[in-house]
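# Understanding the architecture of this molecule
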Amino acid sequence: MKKEVIEKSADNIRILSAAMVEKAKSGHPGGAMGGADFINILYSEFLNFDPGDGCWINRDRFYLDPGHMSPMLYSVLTLSGFYSIEDLKNFRQWGSVTPGHPEANHSRGIENTSGPLGIGHTMAVGAAIAERFLVARFGDWMEHKIYTFISDGGIQEEISQGAGRIAGYLGLHNLIMFYDSNSIQLSTKTSAVTFEDTAAKYRAWNWNVITINGNNQDEIRDALSEAVNEKERPTLIIGQTVMGKGALTEEGNSFENQTSTHGMPLTNAGASVEKTIKNLGGDPENPFVIIDEVQKYWDDIKRTKTEFAGKKRKEQQEWEIKNPVLAKKLSDFFSRNIPELNFKSIEQKAGNSTRGASGNVLSYMADHIENMIVASADLSNSDKTEGFLKKTKQFVKGDFTGAFLQAGVSELTMAAIANGMALHGGIIPACATFFVFSDYMKPAIRLAALMELPVKFIWTHDAFRVGEDGPTHQPVEQEAQIRLLEQLRNPSGNRSILALRPADSAETTVAWKMAMENKNSPTGLILSRQNVPDVPELKDRYEEALQSEKGGYIVYKDQGKIDVVLVGNGSEVSTLVEGARLLKEKNGINVQVVSVISEGLFREQTIEYQNQIIPEGLPVFGLTAGLPLTLKGLVGAKGKVYGMNSFGFSAPAKILDEKLGYTAENVYLQVTGYLKEFSS
């Protein structure tokens, strides 16, 4: 009898999934119908969660990779008590809580935003690392599992290699992944694009691999039981499933295993939604129903889950009584609180590169922030995250007492893993690479912005001054791309990213202060390879640099009526200051130099403040090592920007500065010429 109701529960998920897509006239029913058996067993028998509190910190977590299979997830979460039938009826509609692809909402049981294939299960790897990190510090009572669900498309995305390699190398036995292998993708059968041996590939990465009939509840149960008991390796369960399981034609013939059901409503695909729903035990006239026996079955499950969560909470409370200091630390970790930090005390070498200055800050934070994890894409000695690494140690299989992830050459994987750490909670993740390779990371950066995750992205070698490495390694258009994200609002209505390009060591220290205090969006720190002259101080350079917290401020100002405003950020600010001195000495031109570390933040200040920093009506000249577009919004319609209009060149940095015009002398020439144009 129980076996029958379990199958009826899976069929209920299929009915709801098909009905949602049909009503919306948009969506992906086939995969959801095929994966229903696994998701049904997972949620009812294995996944530990609290039906009354989706944010319980010690819950198991489920990361969906193929976001197009959201009907399956919404349906099982409705059975679990997180969604209503009305929510399902509004699938893909304006203002609904059931968008086409799931968006992270822990209170409703959605652990991650998913859509771009491959990233979802990679975020699960990050969550699994976070769990191991926390268990190493707080004890085995915190152990929980990380489950994830991947499709053929996610397996094919290149990011899966990085995720598989790192999870296997670290022996993440708390990670269990189901591969919904239905041999169908959006436009073809998988046989049209690949014949790889997926099982052999994952075994080579040190995964425990189990192959089953993914629609057989007994085989699913046995595989999950084996995976839960695995203590050395992550587990991949390859479930051979049936696309569009239960689908029928108008004539009552099977319409299973059809490519068309992947990406369109059953009716459009060539099946009969009425016959299909009836075949699955539903009412075609009223498909949005939880079947009575299924409802009773899930009521019992929810009671059991609630009781289990209660026991785990009691266990935690007993631990907290015995360990009050650790309990306070755990609370701080998950509340995103950071300890009091004395950033001013960090000693910075005069004229240091901003990457070097960042390394000094990271070294300080390694001593003071116990839940920070830093990752580097095989560049720790170049991006200066070694400042952090020297105070800790890298993760290895069986030892997560350190706090550094050597990600290898896999920038997108690393960024997605950092997102997963942040999603899990309790961790402050940072990851580093060269700025030009942020191109590899864009999908994960975008998702971090969309999910409002406080990941710290560290990008060094920020301009053509990378030098001899040549144009492949010299970012020109990358800052403009990141600045575009500053103009986007996230779901909470706030700026979606904080992008900071500091002008010197003091600004770098302040930039890190801003990054650590930014708890509701990602931060990007854009840092120089070469040494940078410090901005001249008036009294206390660090205190003056604190004005960066308004996005932009005056770093140099001549006495008397200002004739022109010079605007820049990063390495170019010191060049502008030198140019300003020439303008004053040679032509008596009074100059105001402005460092705008973040235009997005600057534009959030009062109009009065913005006009104080960049006064209206005055000529404004901008200097950038990126595209001129980067500063267009700051100089205004009558302003002028000197920037890069080509890729870089292979030569020493100082030669490039001279050849490309990034000198005080050229600032003088450009500004005097511009002022003649402005006044004519």
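Read on for a plain summary of the structure. Everything numeric here is computed off the predicted structure, so don't read it as measured data.

## A look at empty space enclosed by the protein
Gaps left between atoms are located by rolling a probe of water-molecule size over the structure's atoms. All chains considered together, the criterion is met by three cavities of 30 Å³ or more. Quantified by volume, the largest cavity comes out at close to 100 Å³. What lines the largest cavity is a set of 13 residues, among which Leu-47, Phe-49, Asp-60, Gly-109 and Glu-111 lie closest to the centre. Grouping the constituent residues of the lining of the largest cavity by class yields six nonpolar, three polar and four charged. Lining the second largest cavity are Phe-435, Asp-462, Ala-463, Pro-475, Val-476, Gln-478, Glu-479, Arg-501, Glu-572, Thr-624, Ala-625 and Gly-626.

## Focus on the sheet that holds strand β11 (residues 523-526)
In space, the six strands of this open sheet follow the order β7-β6-β8-β9-β11-β10, with parallel pairing throughout. Two strands bound the open sheet, and with one partner strand each, they are β7 (404-406) and β10 (498-500). Taking each pair of neighbouring strands and ignoring which way they run, the sheet shows an average axis angle of 15°.

## Here we look at the sheet that holds strand β16 (residues 640-642)
Spatially, five strands are ordered β12-β14-β13-β15-β16 in an open sheet, and the strand pairing comes out mixed. The open sheet has two edge strands with one neighbour each: β12 (552-557) and β16. Between one strand and the next, the sheet's axes are offset by a mean angle of 25°, whatever the strand orientation. Two elements, strand β15 (residues 620-623) and β16, share three bridges in a ladder whose sense is parallel. Of the residues in β16, the one forming a bridge with Phe-621 is Lys-640. Along the sheet, helix α21 (residues 572-587) contacts β12, β13 (564-568), β14 (591-596) and β15; its crossing angle with β14, the most-contacted strand, is approximately 175°.

## A word on the nonpolar core
Side chains that are nonpolar tend, in soluble globular proteins, to be buried together. With 154 residues, the main nonpolar core has Ile-129, Met-365, Met-372, Leu-405, Trp-512 and Leu-566 as its most contacted residues. Counting residues per element, this core draws most heavily on helix α5 (residues 119-138), which supplies twelve residues. The residues touching Ile-129, leaving out its near neighbours within four places in the chain, are Leu-170, Leu-172, Phe-395, Phe-400, Leu-405, Ile-417 and Met-421.

## Side note on the layout of surface pockets
The calculated volume of the largest pocket comes to roughly 770 Å³. If you trace the largest pocket, you find 39 residues lining it, with Ala-104, Asn-105, His-106, Met-451 and Leu-453 closest to the centre. Mapped by element, the contributors of at least two residues to the lining of the largest pocket are α13 (324-335), α16 (411-424), β8 (428-434) and α17 (438-451). In terms of residue class, the lining of the largest pocket is made up of 22 nonpolar, ten polar and seven charged. Here the second largest pocket defines a volume of roughly 420 Å³.

## Brief notes about unusual backbone geometry
The backbone of Glu-452 shows a phi angle near 60°, a positive value even though the residue is not glycine. Among the secondary structure elements, Glu-452 is positioned in the loop between α17 and β9 (456-460). Given a relative accessible area of 17%, Glu-452 falls into the buried group. Of note, the phi angle at His-461 is positive, near 55°, even though the residue is not glycine. Locating His-461 in the fold gives a position in the loop between β9 and α18 (478-486). Judged by its relative accessible area of 5%, His-461 is buried.

## A word on the pattern of salt bridges
Within the structure shown, the criterion is met by 41 salt bridges. Two residues, Asp-53 and Arg-313, come together in a salt bridge whose shortest N-O distance is 2.8 Å. Placement of the pair is Asp-53 in the loop between α2 (29-46) and β1 (61-64) and Arg-313 in helix α12 (residues 292-322), with a sequence separation of 260 residues. Ionic pairing is found between Glu-232 and Lys-397, a salt bridge with its closest N-O pair at 3.4 Å. Linking Glu-232 in the loop between α9 (217-229) and β5 (235-240) with Lys-397 in the loop between α15 (386-389) and β7, this pair joins segments that are 165 residues apart in sequence. Taken together, the salt bridges that share partners define one network made up of Asp-462, Arg-465, Arg-501, Glu-572 and Asp-657.

## Remarks on the pairing of β9
Taken across its five residues, β9 has five buried, putting it largely inside the fold. Residues of β9 alternate between two faces, with Lys-456, Ile-458 and Thr-460 on one and Phe-457 and Trp-459 on the opposite face, all of them buried. Pairing between β8 and β9: five bridges, direction parallel. Along β9, the bridge assignment pairs Ala-432 with Ile-458. With α17 bridging β8 and the parallel β9, this β-α-β connection has right-handed handedness. Across four bridges, β9 lies against β11 in parallel orientation. In the strand pairing of β11, Trp-459 is matched with Ile-526.

## Some thoughts on the environment of Asn-531
Counting through the fold element by element, Asn-531 comes out in the loop between β11 and α20 (541-545). By relative accessible area, Asn-531 is classed as exposed at 52%. Along the primary structure Asn-531 and Arg-92 are separated by 439 residues, whereas in three dimensions their C-alpha atoms are 51 Å apart. Contact partners of Asn-531, with chain neighbours within four places excluded, come to Gly-351, Asn-352 and Ser-353. A polar atom in the side chain of Asn-531 sits 3.1 Å from the backbone nitrogen of Ser-353.

## A few points about helix α14 (residues 354-368)
In this model, α14 (15 residues) spans 21 Å end to end at C-alpha, consistent with the 21 Å of a helix rising 1.5 Å per residue. The buried fraction of α14 amounts to eleven of the 15 residues, a majority that puts the element mostly inside the structure. All buried positions along α14 are accounted for by Thr-354, Arg-355, Gly-356, Ala-357, Ser-358, Gly-359, Val-361, Leu-362, Ser-363, Tyr-364 and Met-365. Contacts made by the buried residues of α14 are with β6 (372-376), α15, β9 and α19 (505-517).

## A few points about the packing of α17 against α18
Axis separation between α17 and α18 bottoms out at 11 Å; the angle between their running directions is 10°. Considered as vectors, α17 and α18 are oriented roughly parallel to each other. On α18, the residues touching Ser-438, Asp-439, Lys-442 and Ile-445 of α17 are Gln-478, Gln-481, Ile-482 and Leu-485. Its residues placed into classes, the contact of α17 with α18 shows three nonpolar, three polar and two charged.

Here is what the cut-offs are and how they apply
- Residues take numbers from 1 onward in each chain, read along the sequence in its written order.
- With pLDDT at 70 or above as the cut-off, local features in this predicted model cover only qualifying residues; side-chain atom pairs require 80 or more to be listed or tallied, and sums for whole chains, interfaces and linings still use all residues.
- In computing side-chain properties, one takes all heavy atoms of the structure into account and sets aside hydrogens as well as water.
- For each structure, a 1 Å grid was placed over the protein atoms alone; sets of points admitting a 1.4 Å probe that cannot get out are labelled cavities, open sets with protein on both sides within 12 Å along at least five of seven lines are labelled pockets, and lining residues have an atom within 4 Å of a point.
- Grid points are joined across faces, edges and corners, and a volume is the space filled by probe spheres set on the points.
- Note on residue classes: Ala, Val, Leu, Ile, Met, Phe, Trp, Tyr, Cys and Pro are nonpolar, Asp, Glu, Lys and Arg are charged, and everything else, Gly too, is polar.
- The rule for pairing is simple: two strands pair if DSSP sees at least two bridges between them.
- Strands here mean DSSP runs of E at least two residues long; helices mean DSSP runs of H or I at least four residues long; both are numbered from the N terminus.
- Lines are fitted to the C-alpha atoms to define the axes, a helix being fitted only along its stretch in contact, and any angle between axes, read from their N-to-C directions, falls within 0 to 180 degrees.
- Whether two residues touch is decided by their heavy atoms; if any such pair falls within 4.5 Å, the residues are in contact.
- Put simply, buried Ala, Val, Leu, Ile, Met, Phe, Trp, Tyr and Cys residues joined by side-chain atoms within 4.5 Å make one nonpolar core.
- The buried label goes to any residue with under 20% of its type's maximum accessible area, the exposed label to any with over 50%, and the partly exposed label to all in between, with areas taken from a 1.4 Å probe on protein chains only.
- Note on definitions: salt bridges are taken to be side-chain nitrogens of Lys or Arg within 4 Å of carboxyl oxygens of Asp or Glu.
- Handedness of a crossover is defined as follows: with both strands directed away from the viewer, a clockwise route from the first strand across the helix to the second makes it right-handed.
- Nitrogen and oxygen atoms within 3.5 Å of one another constitute a polar contact, given that in protein one can donate a hydrogen and the other can accept it, and given that sequence-neighbouring residues count only through two side-chain atoms.
- Multiplying 1.5 Å by the residue count of a helix minus one yields the expected span of that helix.
- Angle categories are assigned with fixed cut-offs, so that under 35 degrees is roughly parallel, over 145 is roughly antiparallel, 65 to 115 is roughly perpendicular, and the rest are oblique.

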